[in-house]
Amino acid sequence: MAGTNADLLTDLLRRVSRSFYLTLKILPRSVRPQIGLAYLLARATDTVADTEIVEVDRRLDALARLRDRILGKSDAPLDFGRFAEEQGDPSERELLTRIEDGLRLLDGCSDADRALIRKVLTVIVSGQELDLRRFGAAGRDGTSQVVALETDEELDDYTYRVAGCVGEFWTKICRARVFPKARLDDEELLRNGVRFGKGLQLINILRDLRGDLEQGRCYLPADRLAELGLQPTDLLDAANESRMRPLFDECLVRAEAHLAAGWDYTLGLPWACPRVRLACAWPVLIGVRTLERLGGASILESVQKSKISRSELKGILLRSVLLYPLPFFWRGLYPSRSSSNQ
């Protein structure tokens, strides 16, 4: 990868990636720049999509132009000045003003790496575009309108587009650059990698349910709510918590099953690649703790503060590193399942 603008993958990436930077830091150097760049560009598309003060049509147009540049279908310069002006976070503002620098880094990737980055970003942007078309006008008419996904299939598709595809990308680039000769079940690894990503996104959806509702978005499917005698707008009333809870708890179980697949994914990686294994183990173990908190929370009363504490995070990191030389105990870090894999 070209060395110019490398500070995007160090200082700026650290500032915009927040907790994910811990994962990026421990990755092997052979994949850290590519995964970091993919994250940075995905964060830019997400920032464009989330700039609510800009009209939906303009956001869709900006996403389309950025996608064309990422895919190499256009060389028209991008000017996201209007979007940058509306960012309260200086790091997000810098990310948009330096989008051309990020695209130059993409041009400097190898053909194989660039193809993988382009593929995952195309899928992610398609999910962001779907979100804008579904929810872009929600709550903008001064009413308490809430727009919901229609079915479980739509929810599963959405979690794939914005996160499950990342599991595929991660697997393929690590396979090519970190353990190309390892004897692995690639089909199972890819399948579990997709579920891993879906699980992390489903946790985000469940954690952010109240906040999304207040913005007119509901990711709990309308047909499943109807089975409980509820409309999406009913979820704005905390008194409906008990009626909504069976569906929410079902989603918690689904998220936990996806995380279990994520743990199987982690255990399916070569033992001799501790950096990749730890980078996968940490979000799984953090996700389990988050699910535990959500299981006992009153979801509709307020926006959930379900992030684990700094001391809990340090404990997860420390135990995972110290126990790594002891496979039996390391496998036992995941509380809900055991596996015969290393």
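First things first, this report covers the structure right here in the doc.

About the cut-offs
- Just so you know, the residues in each chain are numbered from 1, in the order the chain's sequence is written.
- This being a predicted model, a pLDDT of at least 70 is required before a residue's local features are given, and a value of 80 or more before pairs of side-chain atoms are given or counted; all residues contribute to the totals for chains, interfaces and linings.
- For the side-chain quantities, the full set of heavy atoms in the structure was used; hydrogens and water were omitted.
- Centre distance within 6.5 Å is the pairing criterion for rings of Phe, Tyr and Trp, where only the six-membered ring of Trp is used; planes under 30 degrees apart are then read as stacked, over 60 as edge-to-face, and the remainder as tilted.
- Numbering goes from the N terminus for both helices and strands, where a helix is a DSSP run of H or I of at least four residues and a strand is a run of E of at least two.
- Note on exposure labels: buried denotes an accessible area under 20% of the residue type's maximum, exposed denotes more than 50%, and partly exposed covers the range between, all computed with a 1.4 Å probe on protein chains only.
- Convention adopted: a line fitted to C-alpha atoms gives each axis, helices being fitted over their contacting stretch, and angles between N-to-C directions are expressed from 0 to 180 degrees.
- Oblique is the label for every angle not falling under 35 degrees (roughly parallel), over 145 degrees (roughly antiparallel), or within 65 to 115 degrees (roughly perpendicular).
- Left-handed describes a crossing whose near helix is turned anticlockwise from the far helix through less than a right angle; right-handed describes the clockwise counterpart.
- Contacts are assigned to residue pairs with any non-hydrogen atoms lying within 4.5 Å of each other.
- By the convention adopted, Pro, Cys, Tyr, Trp, Phe, Met, Ile, Leu, Val and Ala count as nonpolar, Lys, Arg, Asp and Glu as charged, and the other residues, Gly among them, as polar.
- Salt bridges, as used here, are contacts in which a Lys or Arg side-chain nitrogen is within 4 Å of a carboxyl oxygen on Asp or Glu.
- We define a nonpolar core as any set of buried Ala, Val, Leu, Ile, Met, Phe, Trp, Tyr and Cys residues linked to one another through side-chain atoms lying within 4.5 Å.

## Some details on the packing of aromatic side chains
Here is step 1 of the chain: Following the criterion strictly, the structure yields eleven aromatic pairs and no others.
Here is step 2 of the chain: Ring centres of Phe-20 and Tyr-39 lie 4.9 Å apart, and the angle between their planes is 25°; this geometry places the pair in the stacked category. Of this pair, Phe-20 sits in helix H2 (residues 20-26) while Tyr-39 is found in helix H3 (residues 32-49), placing the two residues 19 residues apart along the sequence.
Here is step 3 of the chain: With relative accessibility at 24%, the residue Phe-20 sits in the partly exposed group.
Here is step 4 of the chain: Under the relative-accessibility criterion, Tyr-39 is labelled partly exposed at 22%.
Here is step 5 of the chain: On the basis of an interplanar angle of 20° and a centroid distance of 5.8 Å, the ring pair of Trp-263 and Tyr-334 is categorised as stacked. You can see Trp-263 sitting in helix H13 (residues 241-268) and its partner Tyr-334 sitting in the segment after helix H16 (327-331), a full 71 residues away along the chain.
Here is step 6 of the chain: The class of Trp-263 is buried, set by a relative accessible area of 2%.
Here is step 7 of the chain: Owing to a relative accessible area of 2%, Tyr-334 belongs among the buried residues under this scheme.
Here is step 8 of the chain: These aromatic residues form a ring-pair network of at least three members: Trp-263, Trp-271, Tyr-324, Trp-330 and Tyr-334.

## Description of the packing of H3 against helix H8 (residues 111-135)
Here is step 1 of the chain: Two elements in contact, H3 and H8, have axes whose closest approach is 10 Å; the angle formed by their N-to-C orientations is 20°. In terms of orientation, H3 and H8 fall into the roughly parallel class. Here H3 runs over H8; the crossing is right-handed. Within the contact between the two elements, H3 uses Gln-34, Leu-37, Ala-38, Leu-41, Ala-42, Thr-45, Asp-46 and Ala-49 and H8 uses Asp-113, Ile-117, Leu-121, Ile-124, Val-125, Gln-128 and Leu-132.
Here is step 2 of the chain: A per-class count over the contact of H3 with H8 returns ten nonpolar, three polar and two charged.

## Brief notes about the pattern of salt bridges
Here is step 1 of the chain: In total, this model carries 31 salt bridges according to the counting rule given.
Here is step 2 of the chain: Among the salt bridges present, the one from Asp-11 reaches Arg-15, with a minimum N-O distance of 2.9 Å. With Asp-11 and Arg-15 both in helix H1 (residues 11-17) and four residues apart, the pair spans about one turn of that helix.
Here is step 3 of the chain: Under the relative-accessibility criterion, Asp-11 is labelled partly exposed at 34%.
Here is step 4 of the chain: Salt-bridge contacts for Glu-52 lead to Arg-217; the nearest nitrogen and oxygen are separated by 3.8 Å. On the criterion of sequence distance, the pair formed by Glu-52 in the loop between H3 and helix H4 (56-70) and Arg-217 in strand E2 (residues 217-218) is long-range, its members being 165 residues apart.
Here is step 5 of the chain: Three or more residues are tied together by salt bridges with common partners; here these are Asp-7, Asp-11, Arg-14, Arg-15, Glu-94, Arg-98, Asp-101 and Arg-104.

## Here we look at the environment of Asp-156
Here is step 1 of the chain: As for its placement among the helices and strands, Asp-156 is situated in helix H9 (residues 152-177).
Here is step 2 of the chain: C-alpha of Asp-156 to C-alpha of Leu-202: the two residues are 46 residues apart in sequence and 8.9 Å apart in space.

## As for the nonpolar core
Here is step 1 of the chain: Within the largest apolar cluster, 107 residues are counted, with the highest numbers of intra-cluster contacts made by Ile-35, Phe-80, Trp-170, Leu-220, Leu-235 and Trp-263.
Here is step 2 of the chain: The residues contacting Trp-170, other than those within four sequence positions of it, are Phe-20, Thr-23, Leu-27, Ile-35, Tyr-265, Val-276, Ala-279 and Cys-280.

## Description of the side chain of Thr-266
Here is step 1 of the chain: Summarising the element assignment, Thr-266 is placed in helix H13.
Here is step 2 of the chain: By relative accessible area, Thr-266 is classed as buried at 0%.
Here is step 3 of the chain: Residue contacts for Thr-266: discarding those within four places in its chain leaves Phe-196, Arg-277, Cys-280, Ala-281, Val-284 and Trp-330.

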